[in-house]
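In case you want the letters, here they are:
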Amino acid sequence: MFDTVKNAGVTIVPESEIAGLMTREAAFDAVEKTFAAMASDDAYNFPVVREAIGHADALYGFKGGFDRTGQTLGLKAGGYWPNNLDTHGLINHQSTVFLFDPDTGRVKAMVGGNLLTALRTAAASSVSIRHLARKDAKVIAMVGAGHQARFQLQTALEHRDFDKVIGWNLHPEMLPNIEQVARDAGLPFQAVDLPGLREADVIITITSSFAATVMADHVSPGTHLACMGTDTAGKQEVDPNLLAKARVFTDEVAQSVSIGEAQHAIAQGLITTADVHQIGAVINGTHPGRATDDDITLFDGTGVGLQDLAVAARVVELAVEKGVATQVDF
Ligand code: NAD
């Protein structure tokens, strides 16, 4: 007879515990390792499911994968409920990560995914900054000033010695969100118009735009862009001509060309799939990345399930280490 109960504990880490456990550094480390494992074919993402469920205007779906190196198997389930804040006092993005034992298929952990999503997304753009931005980058620009933008800027400021933050947002009344992050880091902040982005050495875009706002002539030679907002078919933040001029990198090529920023440049025949490279190859040293100080580099960050699994697995370890994990028989 098989013992159906033995070792059936599930570790639960609720959303309320995440802030006290996870750090930006730990998220960066987990995401950098994950991108490296993806590029050496030790980890792969499953196709993304994302559906308009016809209820509460919600978009719901799953992102999952398996990382052989980290022995991480699972999925993030969740999505976007646009009326949550106004109707229920909850944030609009809601998600939970489920981890499974790759040897047996048993569920191992259930982890709040909301803060982790912001941390892993900020980690992704900062991994691209570390590996692709010029070492002498001094001015960072933010395009976008919503929920994710604050995390993006906070993390990026830890990965280069920036001395100034500039920002543009379609809704200028939101700019104080990122101005505050700059001031907390002791840096000056200046609101600019779109041509003013030419001053930047690094540009992060993190908006929910469906049309290009950053055009090719808004970007100076030598700039690194981390385009983080486009994660769905139809979304767009930058001019496709910019991808044609740039060296293009991404987390996951299949996602970049279908739901990422590259979808538009590919559709217009400006680049091909072969022009889009995995950031993990640069981390592993199998792709040179930036070749000259004049190159424009562009990271198309679409957000992969393996990022979620990596940060969730780290949180479970930290929760167990610190004795705050809840174990439930299952
Ligand atoms: P938010 O609602 O808090 O902020 C939205 C931002 O987009 C604001 O700056 C707003 O002014 C701007 N904006 C809205 N409509 C616009 C338009 N038409 N043109 C230009 N700017 C516009 O959202 P958030 O939580 O900060 O998320 C921002 C984006 O990042 C979303 O598109 C979200 O899906 C995406 N996202 C991506 C990943 C990833 O892994 N790549 C992860 C999380 C979120």
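The model shown is predicted, which means the values in this text are computed figures rather than measured ones.

A. Region of the structure containing the packing of aromatic side chains. In the structure shown here, the tally under the stated rule is four aromatic pairs. Summarising the aromatic geometry, the rings of phenylalanine 35 and phenylalanine 299 are spaced 6.3 Å apart at their centres and angled 50° between planes, so their arrangement reads as tilted. Taken together, the residues span a long stretch of sequence, with phenylalanine 35 in helix α2 (residues 24-39) and phenylalanine 299 in strand β17 (residues 297-300) at a distance of 264 residues. Residue phenylalanine 35 shares its accessibility class with phenylalanine 299, and that shared class is buried. Relative to tryptophan 81, the ring of tyrosine 60 lies with its centre 6.2 Å away and its plane at 70°, an arrangement referred to as edge-to-face. One end of the pair, tyrosine 60, is in strand β4 (residues 59-67); the other, tryptophan 81, is in the loop between β5 (72-80) and α3 (84-88), and 21 residues separate them in sequence. According to the relative accessible area criterion, tyrosine 60 is partly exposed, its value standing at 30%. In textbook terms, an aromatic cluster arises when at least three aromatic residues are bridged by ring pairs, as seen for Tyr60, Phe62 and Trp81.

B. Spotlight on the side chain of glutamine 255. Mapped onto the secondary structure, glutamine 255 falls in helix α8 (residues 253-258). A polar contact is formed between the side chain of glutamine 255 and the side chain of threonine 302, at a distance of 2.9 Å. Setting aside residues no more than four positions away along its own chain, glutamine 255 makes contact with Val48, Gly260, Thr302, Gly303 and Val304.

C. Inspection of the domain arrangement of the protein at higher detail. In terms of domain boundaries, the protein breaks down into domain 1 (3-117 + 306-328) and domain 2 (134-303). Residue-level contacts link 16 residues of domain 1 with 19 residues of domain 2. Both faces considered, domain 1 and domain 2 share a buried interface measuring about 1,500 Å² in area, 56% of it formed by carbon and sulfur atoms. Contact with domain 2 buries area across many residues of domain 1, yet Arg24, Phe35 and Ala39 alone supply 32% of it, more than any other trio. Summed over the shared surface of domain 1 and domain 2, the result is one salt bridge. Of the charged contacts in the structure, one is a salt bridge between glutamate 158 and arginine 24, with a shortest N-O distance of 2.7 Å. Secondary structure elements with two or more residues in the side of domain 1 that touches domain 2: α2 and α4 (114-132). A per-element tally of the side of domain 1 that touches domain 2 places α2 first, with eight residues. The residue inventory of the side of domain 1 that touches domain 2, partitioned by class, reads seven nonpolar, four polar and five charged.

D. A look at the nonpolar core. Grouped together as the largest cluster of nonpolar side chains are 63 residues, with contacts concentrated most on Met22, Phe35, Val111, Ile140 and Ile204. Residue-level mapping places this core at the junction of two domains, with at least three residues from each of domain 1 (3-117 + 306-328) and domain 2 (134-303). When sequence neighbours within four positions are dropped, the list of residues in contact with isoleucine 140 reads Leu153, Ala156, Leu157, Phe162, Lys164, Val165, Ile166, Val202 and Ile204. Within the second largest apolar cluster, 27 residues are counted, among which are Leu197, Leu225, Leu242 and Ile271.

E. How the structure looks around the pattern of salt bridges. The final tally for this structure, using the stated rule, is 13 salt bridges. In this structure, aspartate 29 and lysine 33 form a salt bridge, with 2.9 Å as the shortest nitrogen-oxygen distance. Linking aspartate 29 with lysine 33, this pair stays in helix α2, spanning four residues, or about one helical turn. Between glutamate 199 and lysine 164 there is a salt bridge; the shortest N-O distance is 2.8 Å. Here glutamate 199, found in the loop between β10 (189-191) and β11 (202-205), pairs with lysine 164, found in strand β9 (residues 164-168); they are 35 residues apart in sequence, far enough to count as distant. Overlapping salt bridges bring together Lys76, Arg120 and Asp308 as one network.

Definitions and limits used
Residues numbered from 1 in each chain as written. Predicted model: local features only at pLDDT ≥ 70, side-chain atom pairs only at ≥ 80, totals over all residues. Heavy atoms only, no water. Phe/Tyr/Trp six-rings, centres within 6.5 Å; stacked < 30°, edge-to-face > 60°. Helix = DSSP H or I, 4+ residues; strand = E, 2+ residues; numbered from the N terminus. Buried < 20%, exposed > 50% of the residue type's maximum accessible area, 1.4 Å probe, protein only. Polar contact = N/O pair within 3.5 Å; in protein donor to acceptor, adjacent residues only side chain to side chain. Contact = heavy atoms within 4.5 Å. Domains from an automatic or database assignment. Buried area = accessible area lost by both parts, 1.4 Å probe. Salt bridge = Lys/Arg side-chain N within 4 Å of Asp/Glu carboxyl O. Nonpolar A, V, L, I, M, F, W, Y, C, P; charged D, E, K, R; others polar. Core = buried A, V, L, I, M, F, W, Y, C linked by side-chain atoms within 4.5 Å.

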